[in-house]
Every structure is written in C-alpha cells, then in structure tokens.
Amino acid sequence: MRRRKATGIERLKVRYGRMFVIPWTIGFILFFLVPLVESIAYAFSHVSLVDENMLTFAGLEHFRYLIKDDLNFIDNLKDAVISFIYSLPIIVALSMIFALILNQKFRGRIFARAVFFLPVIIATGVVMKFVTGEAIGNGAALNTAMGDTQSYSGIQFDQLLINLGLPQSVTELLSDYIARVFNLVWSCGIQILLFVSGMQSIPDQLYEVSKIEGANKWEEFWNKLHTGFSDDNIPGVAAWEEFWFVTFPMLGNVTFLVLIYTIVDLFTAFDNPIMKQAYKLISENSLYDRSSAILWGYFVVVGIVGGLILLLYNRILMRKWN
C-alpha cells in the first residue's frame, strides 16, 4: 500500500516540530546521556583526578566492596526500602483523598489547590535547605517538626504513647510514623494535581448513569453515618459504589502515572540515606567510582521493587478494569 504523500502544511508542521525538539535533544545528550554513560564507566573503574589515565578498569570490585566490606551500605539500603514500602501507599492514598476534596465545588477551591501545590514550588534549593534546617544548623524549628519525634498542637505524642503502656518497639514505630507525617503530606503536591486533572476528565454521563443505577456519593455515605442507615441500605455497599465503580477505575491510568512519579520521588528524596551516602563520598572524599557503584546498585534494587509494584498493579487492577 502506497503511503500518502504529505501536503505542504503537513511538511511544514513536521519541520516546525523537529525544530522545537532540537533544543531538548541537545540538552538530553549533554546533560543526561553523557553523564549517565560516564557514571556507568565510573562504577566499573578506578577514577583518579590526578593521573593522566583517569579511568582504570576495576570490574565488580566496587560492588563486592559495598556488599562485603562497607558498613553502611546494606543498612542504608534497608532503611531506604522500608521507608519506601510504607510511604508509597500513604502518599497515594492521601493524594487521592485530598484530590477528592479539592475537586468538589466550594468557595476558595482554587486557593486551596494552590496551597496544596505550594510545596512543589519550594521543595528544592535554598528554601528546602532552610525548611529542613540544613542551612541554619540544628536549631531550626521546622527541622524539629519534620525529623525527630515531635509534638503537634502542643500534644506530646511520645509521652502519650509511653503512657499507653505499649511495647517499646511499637512505640518507636508509631513515633517514627508520626514524625514523618509532615514529610508525607509535603510530598503530595504533584500527585494531587494529577488526580484532580484525572477526575475532571471523567465524563459526567458516567455519574448520571451510576445515579440511575442507585450508586451514591461519598458525601451521602457520611451523611447517613450521622442520620442512621435503613435496613435496605447497608453501609459499604451502595454508598461506596460511585467511587469504587466509576471514579477509581477511570483513574486507573492516572494512578499508574502517580505510582511511577511517587516511586522515583521517594527513591531520590533529600532525606534518602543512600543518596546522602553517595553525596558524602563525592563531596568529602571525591570517590566518584565508589559513589557511582552505590547509586547503580541502588538503581537495580529500585528497578526491581518498582517494577514488581507496577507489574502487580497492571496485572491485578488495570487488566480487571480494561
């Protein structure tokens, strides 16, 4: 079958498209592809900044050192993975809940959306160092609110958990979760924006059909909690149908995108112990080879964990919805 010959307008669009892509392509090659290839070479080499022969092939020596001799790598890797495992579902769930609220029609919703998106604007650079206390030492008030076990609104949660008589391991775990609440909410900005955009793209006709079929909204469920349920309207069945059978399935692709973004964001967070270890080796000891080995070994683990999560989501949920 012969291909249709492009018209003058189509050729012009193709030409303009290529022109607009050229700056991105140049930036991708210079600032991403070249450093990526260099970091791979560093991970399998001895790097010397003094000798003329800067790279000397070392094979898997750095990786063997990390596994057998490095005292911090395995512990930091465990902490990073454990933190990721419990942070991912919390961030995704919080983002969807906030998005459901912000997608409702109420006065000031644009301002409310801006407030939730504000952390994305100031989450990097000097402002983030100030927030985390790195720029002003250990005395930062906000650093206390984000790091150690804290008190919110005057409530000493540490003392409260101790008074409950819980085992020490449980107390430490709950205290750590409470300590990370600020960080988790802080990390929901982009995800909320994606969920809100996805909800606004759902056709209204689907909700009209669901109402005709008898499905209710979340608001009706909470109202019925206060007024009481009749015998023919059991909570958890019809009251949640609109969300579970319309909103949630229609957000399947958006949720998949949110999972990918959150996985990358968590594994490269500013408080990630692996990232801190690699940066310390570069900034203090100029060990580019060992730090590259740390990051590439970490990347392999990240790829396996993230790939399994996305695979399970695709097999269990996406295939069911499609």
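Worth saying up front: this structure is predicted, and the values here are computed from it rather than measured. (Residues numbered from 1 in each chain as written. Predicted model: local features only at pLDDT ≥ 70, side-chain atom pairs only at ≥ 80, totals over all residues. Heavy atoms only, no water.)

On to the overall build of the protein chain. Assigned secondary structure in the protein chain consists of 16 helices and four strands. Counting over 322 residues, the protein chain shows a buried share of 31%. Within the protein chain, counting contacts between residues at least 6 apart in sequence, those at least 24 apart form 66% of the total. A total accessible area of about 21,500 Å² is found for the protein chain, and carbon and sulfur atoms account for 65% of it. (Helix = DSSP H or I, 4+ residues; strand = E, 2+ residues; numbered from the N terminus. Buried < 20%, exposed > 50% of the residue type's maximum accessible area, 1.4 Å probe, protein only. Contact = heavy atoms within 4.5 Å. Areas by Shrake-Rupley, 256 points an atom, 1.4 Å probe, with all protein chains shown as cover.)

This next bit is on the nonpolar core. Among the nonpolar cores identified, the biggest contains 45 residues, and Met 96 and Phe 195 are the most heavily contacted of them. When residues of this core are traced back to their parent elements, those giving at least two are helix 2 (61-68), helix 3 (73-102), helix 10 (189-200), helix 13 (241-250), helix 14 (252-267), helix 15 (273-285) and helix 16 (288-321). Top element by residues in this core is helix 3. It accounts for 13 residues. With residues near it in sequence (within four places) discarded, Phe 195 still touches Val 92, Ser 95, Met 96, Ala 99, Leu 251, Val 254, Thr 255 and Val 258. (Core = buried A, V, L, I, M, F, W, Y, C linked by side-chain atoms within 4.5 Å.)

Okay, the packing of aromatic side chains next. When we look at a pair of aromatic rings, we describe it by the centre distance and by the angle of the planes. Summed over all chains, the structure comprises eight aromatic pairs. Seen from their ring centres, Phe 84 and Phe 267 are 4.4 Å apart, and the 25 degrees between their planes marks the pair as stacked. Remark: Phe 267 occurs in helix 14 and Phe 84 occurs in helix 3; sequence separation between them is 183 residues. An aromatic cluster is defined as three or more aromatic residues linked by ring pairs; in this entry it consists of Trp 24, Phe 28 and Phe 32. (Phe/Tyr/Trp six-rings, centres within 6.5 Å; stacked < 30°, edge-to-face > 60°.)

Side chains of Val 21, Ile 22, Trp 24, Ile 26, Phe 28, Ile 29, Leu 30, Phe 31, Phe 32, Leu 33, Val 34 and Val 37 sit close together on the surface and give an oily, nonpolar patch of about 1,200 Å² of accessible area. Classification of Ile 26 by relative accessible area gives partly exposed; the value is 47%. (Patch = residues over 30% accessible without salt bridge, like charges linked within 9 Å, V, L, I, M, F, W, Y side chains within 5 Å. Salt bridge = Lys/Arg side-chain N within 4 Å of Asp/Glu carboxyl O.)

So, on to the packing of helix 3 against helix 14. As a packed pair, helix 3 and helix 14 sit with axes 10 Å apart at the nearest point and diverge in direction by 135 degrees. By the criterion of interaxial angle, the relationship of helix 3 to helix 14 is oblique. Remark: the crossing between helix 3 and helix 14 carries right-handed chirality. Within the contact between the two elements, helix 3 uses Phe 84, Ser 87, Leu 88, Ile 91, Val 92 and Met 96 and helix 14 uses Thr 255, Val 258, Leu 259, Thr 262, Ile 263, Leu 266 and Phe 267. Of the residues contributing to the contact of helix 3 with helix 14, the split by class is 10 nonpolar, three polar and no charged. (Axes fitted to C-alpha atoms, helices over the stretch in contact; angles between N-to-C directions. Parallel < 35°, antiparallel > 145°, perpendicular 65-115°, else oblique. Left-handed = near helix turned anticlockwise from the far one by under 90°. Nonpolar A, V, L, I, M, F, W, Y, C, P; charged D, E, K, R; others polar.)

Packed helices, taken two at a time, are described by the angle between their axes plus the distance between the axes. Contact geometry for helix 10 and helix 14: axes closest at 10 Å, N-to-C directions at 170 degrees. Relative to helix 14, helix 10 is oriented roughly antiparallel. Of helix 14, the residues touching helix 10 (which contributes Ile 190, Gln 191, Leu 194, Phe 195 and Gly 198) are Val 254, Thr 255, Leu 257, Val 258, Tyr 261 and Thr 262. Here the residues of the contact of helix 10 with helix 14 are counted per class, giving seven nonpolar, four polar and no charged.

The next subject is the environment of Val 92. For Val 92, the location among the structural elements is in helix 3. Classification of Val 92 by relative accessible area gives buried; the value is 12%. A C-alpha to C-alpha distance of 9.8 Å links Val 92 and Ser 187, two positions 95 residues apart in sequence. Excluding residues within four positions of it along the chain, Val 92 makes contact with Phe 195, Val 258, Leu 259 and Thr 262.

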